[in-house]
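# Observations on the three-dimensional arrangement
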Amino acid sequence: MTEDVQRHSVHTLVFRSLKRSHDMFLSNQSLLPPIDEAAEKIRRAVKARDSYGLVFDDVKKMQAMKNLRDTEAGPNPPPPGTGDQETNQAHDMAVVPFTDNSVTNRFQQTQQNQLATMIKKTPTMPKPKWHPPWKLYRVIAGHLGWVRCVAVEPGNEWFATGAADRIIKIWDLASGQLKVSLTGHVSTVRGLAVSARHPYLFSCGEDRQVKCWDLEYNKVIRHYHGHLSAVYSLALHPTIDVLLTAGRDSTARVWDMRTKANIHTLTGHTHTVAKVVAQASEPQVITGSHDTTIRLWDLAAGKSICTLTNHKKSVRDVVLHPTLNMFASGSPDNIKQWKCPDGKFIQNLSGHNAILNCLGVNAEGVLVSGGDNGTLHFWDWRTGYNFQRLQAPVQPGSMDSEAGIFSMVFDNSGSRLITTEADKTIKIYKEDETATEETHPINWKPDILKRRKF
Amino acid sequence: MELSTILPAPVQPVWDRDDERRKRAALKPYMELVSAQAIAPPYGQRRGWVPRNVTDYGDGGAFPEIHVAQYPLEMGRKKNSSSNALAVQLDADGKVKYDVLARQGHSKDKIVYSKLSDLLPVEVVAENDPSLEKPSQEEVEDTTEKTRQALMRLTNSKIAAAMPVRAAEKLGPAQFIRYTPSQQGAAFNSGAKQRIIRLVEAQVDPMEPPRFKINKKIPRGPPSPPAPVLHSPTRRVTVKEQKEWKIPPCISNWKNAKGYTVPLDKRLAADGRGLQQLHINENFAKLAEALYIADRKAREAVETRAQLEKKLAQKEKEAKEEHLRQLAQKARDERAGIKVPGAGHSKNMDDEEQERELLRQDRHKERARERNLARAAPDKRSKLQRERERDISEQVALGMPARGVSSNETQFDSRLFGQAKGLGQGYGDDEAYNVYDKPWRDGGSMANHLYRPNKNIDKEAYGGEELEQAIKTNRFVPDKEFGGTDRSGAARSGPVQFEKEEDPFGLDQFLSQAKRASKRKEPEKRDDRDKKKRRD
């Protein structure tokens with residue numbers, strides 16, 4: 001019996017064939033075939049011999065004389081006009097310089113033109129950069145409640161975590177040993193920051209308190225009093241002695257570190273401000289809020305420069321790229337990337353179907369998003385390609401509903417990812433050293449970039 | 001050489017109107033004064049000219065030949081047009097700039113995205129694209145410095161209000177102003193043509209409290225106009241999504257007032273009972289085993305001892321029976337007149353040996369009795385014994401009831417009677433001392449016990465019969481009787497009676513004599529004095 005082939009109309013078959021060939025050749029569409037070095041050499045030699053066969057020997061003689069002259073002259077630099085010719089000849093002995101240059105130039109020009117036309121024609125997705133996959137490498141259990149925030153010290157020796165058990169714990173980054181427990185908050189600790197220019201640790205909590213700890217004495221030395229409700233996030237300005245806090249009273253506040261004066265109250269959000277970040281260049285302050293907007297602020301004037309309303313759901317985290325002038329914001333609908341000075345929309349990274357609690361980026365361009373259901377997605381920053389998905393294993397004894405990632409941070413080298421979770425643990429991830437591009441290939445095919453709006 | 005060149009520059013700034021005028025005149029190049037007046041162009045050149053301002057009309061009315069609504073002197077113009085319509089603006093391509101609507105109310109430097117192209121992702125650019133690079137160090141430093149200055153100014157003003165004490169603000173130098181009044185004459189200004197005014201800043205009290213109430217809540221200003229929404233409307237929530245979002249109620253492990261059913265696995269997970277690894281020290285097991293072994297050994301020992309004792313008792317009993325039988329035999333034999341050969345031998349037995357044997361038997365009996373007692377009720381016995389041997393002071397301290405006496409008759413606190421009489425009854429009035437008017441226990445019985453040697457305790461020390469005798473014997477009886485007395489029949493009924501007797505020594509007589517005697521009896525007195533002296 002013959003196989004039962006489903007019958008299609010000729011029209012369908014033709015279109016299928018077209019589509020397949022289109023898919024096959026899309027990636028190298030309108031590109032020249034690769035240059036075969038040997039063939040090219042032969043072609044040039046033939047051409048040169050054909051047109052300049054008469055003067056070939058003279059040129060050779062001239063060459064020899066020039067070499068002789070050079071050796072006599074010693075280390076004196078040749079005159080500027082002759083330099084490039086010489087190098088060209090050194091590269092390609094058989095070719096007359098003039099023709100060689102023109103050919104290559106024309107070739108390059110055509111290539112450029114074709115490239116330009118190609119980009120204009122089909123904005124395909126570029127090939128994402130390969131990143132090694134990440135794996136869990138250490139689990140630290142020590143807190144007695146949800147671990148809500150984490151901050152790495154600038155010296156990269158230790159990190160601090162704050163939890164719902166109202167304790168800030170300081171851990172050794174290399175060994176994972178507990179160094180110190182700081183008590184003082186009367187409710188969940190929600191934000192931590194270590195100053196790079198002072199021996200201070202800053203913390204904020206749901207008890208409306210913002211505290212400044214002196215790490216030389218492990219004592220609270222300042223309180224920044226003024227928030228009307230829980231304080232959810234905290235940031236330090238990298239170059240000015242200014243502290244930024246944001247919270248449930250839908251404001252962000254700017255504090256003078258030394259005098260504890262509330263310099264600005266950044267009002268404008270209509271709901272809880274979930275995250276505030278600060279950087280040295282404009283815009284110096286960025287806030288993300290549960291009213292689904294992101295605001296960029298003019299720190300000097302205390303006014304909002306721009307309101308980004310592209311998100312459809314509450315923005316729970318905003319993260320700055322360590323090297324590029326960009327930032328990303330995470331919301332349950334999408335992760336969006338923005339360009340910095342004016343908040344221009346760059347692209348969407350969609351596919352993480354969970355309530356996004358936190359984001360992290362390192363200098364290699366690995367963007368990590370952590371969800372409220374314990375999922376971790378790893379993205380390539382530039383292309384938005386999702387190269388790894390992880391479900392963080394829960395601590396034995398905790399319920400499956402207690403899988404949730406509350407905050408994450410890369411250490412200063414970018415090689416360790418510290419996450420804090422709802423199962424009361426701190427987990428540290430690192431790259432898999434044994435993985436190579438062959439063992440973990442990128443599952444990617446060139447596709448026409450969809451300019452999706454939302 | 002001018003005087004001003006020699007003299008130092010004046011410390012106090014001086015302002016003089018005339019000087020000022022002169023200076024200005026010197027500074028400015030001479031200029032023609034031209035009055036710039038907007039006048040309607042002359043007739044014939046008014047094509048395309050539209051009068052817009054009030055000045056365009058000069059002092060006149062509307063231009064009838066120009067067919068445009070005209071409002072000379074603002075006549076006829078609607079004063080406050082309530083329309084907030086914006087003027088149409090065009091961009092470089094000649095298209096209407098609709099984003100003006102979105103920008104309305106915002107400041108100039110506000111970035112407002114309102115176009116469709118702002119929604120689209122930009123084409124992916126290379127990682128090292130110059131537009132994505134961070135601004136240079138100088139730029140960053142520049143912005144930092146600017147921001148820092150602005151913030152410092154703000155901070156200083158904020159702190160200054162909160163500072164408890166601050167230095168008085170430095171006053172500016174005084175200014176001198178030469179002033180020429182317009183009204184000249186002898187009647188004005190005391191006849192002076194000019195005056196020099198010294199202008200000094202008023203001093204401010206640094207400790208002065210704020211003059212205005214600053215604790216009032218100032219109503220917030222209108223919010224900034226909303227930014228254009230750049231996302232699609234949210235999708236309608238499907239039933240499935242709604243179900244996903246249904247969060248089960250939180251149930252406590254300890255309280256479940258609404259009686260929710262908790263799945264067993266959840267209950268176990270929350271309990272954490274399966275997680276705890278019970279680790280018991282092995283010493284517990286060792287101790288238990290050791291105790292068990294010791295107990296068994298002790299039991300065995302007791303059993304063997306008991307068997308041994310039983311055997312011994314048996315043997316002894318047999319021996320006694322044998323002995324009795326022998327005695328009976330002997331007696332029978334003696335009665336029958338048969339000489340027993342072993343009688344001499346028994347007689348030969350030492351008296352001492354016999355005595356020892358007796359003692360031994362006594363001891364043995366005693367031990368057996370004690371053992372029996374111990375076996376019968378060891379705890380009771382010890383308690384009984386302890387209570388019997390307890391000291392009276394201990395008994396008092398423990399409040400133990402007196403044995404024997406109080407057992408049959410119940411004791412009452414008489415003060416508890418008659419409570420119905422009221423408060424004054426119980427203990428009597430304050431003065432009355434009736435709290436301890438009665439002995440704690442019945443006097444007779446206690447007195448019998450108190451300070452009397454216990455028979456049983458002191459038996460060994462004093463010997464039972466002797467003590468009894470000692471108690472019974474009337475010790476304070478003279479062993480030599482007075483002559484003529486009969487103590488045996490001295491049983492008296494009623495009080496002792498004294499009899500009047502004759503003066504046996506003639507003392508009365510002597511005294512009466514002494515009273516009557518003259519003062520010659522000196523030596524007696526001296527004797528008295530001597531006694532006194534000695535006493536002193």
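Numbering of residues starts from 1 in every chain and runs along the sequence as written. Working convention: letters from A go to chains and numbers from 1 go to ligands, in the order in which they are written. Side-chain atom pairs in this predicted model are given and counted only at pLDDT of 80 or more, local residue features only at pLDDT of at least 70, and totals for whole chains, interfaces and linings cover all residues. Side-chain metrics rest on all non-hydrogen atoms present in the structure, leaving aside hydrogens and water.

Bringing the packing of aromatic side chains into the picture now. Stacked, edge-to-face and tilted are the three classes for Phe, Tyr and Trp ring pairs, Trp counted by its six-membered ring, which pair at centre distances within 6.5 Å; planes under 30 degrees apart are stacked, over 60 edge-to-face, the rest tilted. Within the structure shown, the criterion is met by eleven aromatic pairs over all chains. An angle of 20 degrees between the planes, with centres 6.3 Å apart, marks the rings of Phe327(A) and Trp338(A) as stacked. In this pair, Phe327(A) sits in strand E19 (residues 326–330) while Trp338(A) sits in strand E20 (residues 335–339), placing the two residues eleven residues apart along the sequence. No difference in accessibility class separates Phe327(A) from Trp338(A), as the two residues are buried. Put simply, the rings of Trp134(A), Phe378(A), Phe387(A) and Phe410(A) pair up and form one aromatic cluster. Here, a charge over a ring is recorded when the distance from Lys NZ or Arg CZ to the ring centre is within 6 Å and its angle to the ring normal is within 35 degrees. Positioned above the aromatic ring of Phe406(A) is the side chain of Arg148(A), whose terminal nitrogen or guanidinium carbon lies 4.0 Å from the ring centre. Directly above the ring of Tyr43(B) sits Arg46(B), whose terminal nitrogen or CZ lies 4.1 Å from the centroid. Runs of H or I in DSSP of at least four residues are treated as helices and runs of E of at least two as strands, each being numbered from the N terminus. Residue exposure (1.4 Å probe, protein chains only): buried if accessible area is under 20% of the type maximum, exposed if over 50%, otherwise partly exposed.

Time to look at the sheet that holds strand E3 (residues 195–199) of chain B. Adjacent strands of a sheet form backbone hydrogen bonds with each other and so pair up, either parallel or antiparallel. All names here are of chain B. At least two bridges found by DSSP between two strands is the condition for calling them paired. The three strands are arranged E1-E2-E3 in an open sheet whose pairing can be described as mixed. The open sheet has two free edges, formed respectively by strand E1 (14–16) and E3, since each of these has just one partner strand. Strand-to-strand, the axes of this sheet are offset by a mean angle of 25 degrees, without reference to chain direction. Here, two residues are considered to be in contact whenever any of their heavy atoms come within 4.5 Å of each other. Fitted lines through C-alpha atoms serve as axes, helices being fitted only where they are in contact, and the angles separating the N-to-C directions of these axes extend from 0 to 180 degrees. The sheet strands contacting helix H2 (residues 17–27) are E1 and strand E2 (175–179), and the helix crosses E1 at an angle near 75 degrees.

Taken together, the contacts link 50 residues of chain A with 44 residues of chain B. Here chain A meets chain B over a buried area of about 4,500 Å², counting both sides, of which 63% is carbon and sulfur. Salt bridge criterion: a side-chain nitrogen from Lys or Arg within 4 Å of a carboxyl oxygen from Asp or Glu. Inspection of the region where chain A meets chain B yields one salt bridge. Asp118(B) serves as the salt-bridge partner of Lys344(A), at 3.9 Å between the closest nitrogen and oxygen. Contacts described as polar in this section are N or O atom pairs within 3.5 Å, which, within protein, must combine one atom able to donate a hydrogen with one able to accept it, while residues neighboring in sequence count only if both atoms come from side chains. At the boundary of chain A and chain B, one finds 17 residue pairs in polar contact (both at pLDDT 80 or more). Counting residues per element, the ones that place at least two in the side of chain A that touches chain B are strand E13 (262–267), strand E17 (303–308) and strand E21 (344–349) of chain A. Tallying contributions element by element places E17(A) first for the side of chain A that touches chain B, with five residues. Side-chain classes follow a simple rule in which Ala, Val, Leu, Ile, Met, Phe, Trp, Tyr, Cys and Pro form the nonpolar group, Asp, Glu, Lys and Arg form the charged group, and the remainder, Gly included, forms the polar group. Grouping the constituent residues of the side of chain A that touches chain B by class yields 20 nonpolar, 19 polar and eleven charged. We define buried area as the total accessible area lost by two parts upon association, computed with a 1.4 Å probe and summed across both.

Right, let's get into the state of the cysteines. Residues and elements named next belong to chain A. Disulfide assignment relies on a single distance test, namely cysteine sulfur atoms paired within 2.5 Å. Going through the model one piece at a time under the given rule, you end up with zero disulfides over all chains. Of the cysteine sulfurs around cysteine 149, a residue in no disulfide, the closest is that of cysteine 204, at 7.0 Å. Cysteine 149 sits in the buried class, given a relative accessible area of 5%.

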